[in-house]
Amino acid sequence: MEYVYLLTNTFILRPYVFVFLGVSLYSGQQLLGWRRAGRFFGLTWAIAFICEYASTRIGIPFGDYFYTGSTQDHELYLSNIPFMDSISFSFLLYASYCLALIFVLTPAKGVNQQGWLFDPELRNSWPVVGLTVVLFTFSDVVIDPVALQGERWFLGNIYGYHQEGIYFGVPLANFAGWAVVGFLSLLGYRLMERGTNATDPIPRMVVKWELILGIGLYYGVLAFNLGMTFWIGEMLMGIVGSFIFVPLTAVLLNTLWRGLFAYRVKESSE
């Protein structure tokens, strides 16, 4: 009964986490199907938990940090790791994956087609893996500094570093840890997709809203964390985080235009 209480209270205490998770699961089911989405999210959560467990003991791969346990009586923990923390990696990696796909997949070309060709050869290609890892790590440039200030907003003082890092208190090793989690999760998923599960391939279909929903999730998480950053008065931190994503957003808007509208405008002008 204690676990039921703690899990229920986790939903109450962290509703924004489960809103993000719900959106990502819906988008993942639409894009990948339940089985593939389950493998993607489950594998990412397991690897994130193992890496966090290791880091809080031997400092690898996120660096030497600790969880305070201040909310252990109010939300679900697995060992010394908050349940909501490890599971957050799953929807953040999925959102980064959708964003990477937008840049790598080929826009559909046809008057009655808007979107991108979900090519089986490209969706788990090395360019997608590499770009997803970069975007996934980039997201933490905004997330971790404000999360470290959790005692100043409703996240709470849940973790800290034994030595203050150079980026608003966050050590660079933390970002390397995010890259490790992202790469290992995508590598494992890629291997599973190319094994016996490859006998049930996803057809070469046109995708649109499935990806856009994932991208919306990525920017929704960024907006939430930047909003908290400005709300607690960390103006420099918020401005730096915002400007980091200006070039990416400009390229994204151009890519969305090409995938959704450019070909239709060209066809109508002809």
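A brief look at the structure comes next.

Our next topic: the packing of aromatic side chains. Aromatic rings in a pair are described by how distant their centres are and how their planes are angled relative to each other. Throughout the structure, instances matching the rule amount to 30 aromatic pairs. With a centroid separation of 4.6 Å and 40° between ring planes, the pair formed by Phe89 and Trp178 is classed as tilted. Residue Phe89 is found in helix H4 (residues 83-104), and its partner Trp178 is found in helix H6 (residues 172-193); the two are separated by 89 residues along the sequence. Of the two residues, Phe89 and Trp178, both sit in the buried class. Here a set of aromatic residues connected by ring pairs shows up, and it is made of Phe62, Tyr65, Tyr67, Phe89, Phe136, Tyr159, Tyr161 and Trp178. The ring of Tyr53 has Arg57 sitting right over it, with the charged end atom 3.5 Å from the ring centre. In this structure, Arg190 is placed above the aromatic ring of Trp126, and the distance from its NZ or CZ to the ring centre is 4.1 Å.

Turning our attention to the nonpolar core. In terms of nonpolar packing, the biggest core is built from 77 residues, with Leu31, Phe91, Tyr97 and Leu211 touching the most fellow members. No other element matches the 15 residues that H4 contributes to this core. Aside from chain neighbours lying at most four places away, what touches Tyr97 is Leu31, Leu32, Phe40, Phe118, Arg123, Asn124, Val128 and Thr132.

The next subject is unusual backbone geometry. Backbone phi values are negative for most residues with the exception of glycine, while trans is the configuration of most peptide bonds. Cis geometry is found at the peptide bond from Ile60 to Pro61, where omega equals 5°. Structurally, the position occupied by Pro61 is in the loop between helix H3 (34-58) and strand E1 (65-67). A positive phi angle, near 60°, is found at Ser79, a position not held by glycine. Along the chain, Ser79 turns up in the loop between strand E2 (77-78) and strand E3 (81-82). With relative accessibility at 43%, the residue Ser79 sits in the partly exposed group.

Conventions adopted
Residues numbered from 1 in each chain as written. Predicted model: local features only at pLDDT ≥ 70, side-chain atom pairs only at ≥ 80, totals over all residues. Heavy atoms only, no water. Phe/Tyr/Trp six-rings, centres within 6.5 Å; stacked < 30°, edge-to-face > 60°. Helix = DSSP H or I, 4+ residues; strand = E, 2+ residues; numbered from the N terminus. Buried < 20%, exposed > 50% of the residue type's maximum accessible area, 1.4 Å probe, protein only. Lys NZ or Arg CZ within 6 Å of the ring centre and 35° of its normal. Core = buried A, V, L, I, M, F, W, Y, C linked by side-chain atoms within 4.5 Å. Contact = heavy atoms within 4.5 Å.

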